[in-house]
Amino acid sequence: MWQFVVWGVMGAAANRTLAFLEANRRVKGPPWRYPKGPGGRYYLFACALHCALAAMVTSAAAASDLVDAPWLAFACGASAPAVMAKLGRYALWALPPGPGGDGEDDGPGRAG
């Protein structure tokens, strides 16, 4: 099972590499450069969190026999950050509004 977790972490690293290359092209230089960016430490911390999230998701999928091939573990790790972010938005949208909330949210994925 641990091999699948390693493949999942490599998928997350590939995802972060593509995100870096896209941001690097967009801003024409290192996207983390302070003061226009968050700084290199924050970027490395975000990359580590994405890889840890991919490891957890891939581990759970492999433990429940959903993952049985390395390419599937790679895809699971690469998509884990985006899928978990979307699930988090749905969970927050489903919660009742707190004090001061008007309940006029358009739902996950929509500008409101």
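Residues numbered from 1 in each chain as written. Predicted model: local features only at pLDDT ≥ 70, side-chain atom pairs only at ≥ 80, totals over all residues. Heavy atoms only, no water.

Enquirer: So what about the nonpolar core? Which residues, and what values?
Expert: Core analysis: the largest hydrophobic core is formed by five residues, namely Ala61, Ala62, Val67, Ala73 and Cys76. Elements supplying a minimum of two residues to this core: helix 2 (40–63) and helix 3 (70–94). In this structure alanine 61 touches Leu66, Val67 and Cys76, once residues within four positions along its chain are discounted. (Core = buried A, V, L, I, M, F, W, Y, C linked by side-chain atoms within 4.5 Å. Buried < 20%, exposed > 50% of the residue type's maximum accessible area, 1.4 Å probe, protein only. Helix = DSSP H or I, 4+ residues; strand = E, 2+ residues; numbered from the N terminus. Contact = heavy atoms within 4.5 Å.)

Enquirer: I'd love a proper account of the packing of helix 1 (residues 2–27) against helix 2, names of residues and values included.
Expert: The contact between helix 1 and helix 2 brings their axes to 8 Å, and the two run at 145°. For the pair helix 1 and helix 2, the crossing hand works out as right-handed. Across the interface between the two elements, Phe4, Val5, Gly8, Val9, Ala12, Ala13, Arg16 and Phe20 from helix 1 touch Tyr43, Ala46, Cys47, His50, Cys51, Ala54, Ala55, Thr58, Ser59 and Ala62 from helix 2. Classifying every residue of the contact of helix 1 with helix 2 gives 13 nonpolar, four polar and one charged. (Axes fitted to C-alpha atoms, helices over the stretch in contact; angles between N-to-C directions. Left-handed = near helix turned anticlockwise from the far one by under 90°. Nonpolar A, V, L, I, M, F, W, Y, C, P; charged D, E, K, R; others polar.)

Enquirer: So what's going on with helix 2? Residues and values would help.
Expert: For helix 2, built from 24 residues, the straight-helix expectation of 34 Å at 1.5 Å per residue is met to within 8% by its first-to-last C-alpha distance of 34 Å. Those residues of helix 2 not exposed but buried are Tyr43, Ala46, Cys47, Cys51, Leu53, Ala54, Ala55, Thr58, Ala61 and Ala62. In this fold, the buried residues of helix 2 make contact with helix 1 and helix 3. Immediately downstream of helix 2, the backbone of aspartate 65 shows phi near 65°, a positive value. (Expected span 1.5 Å × (residues − 1).)

By themselves, these observations are geometric and do not establish any function.
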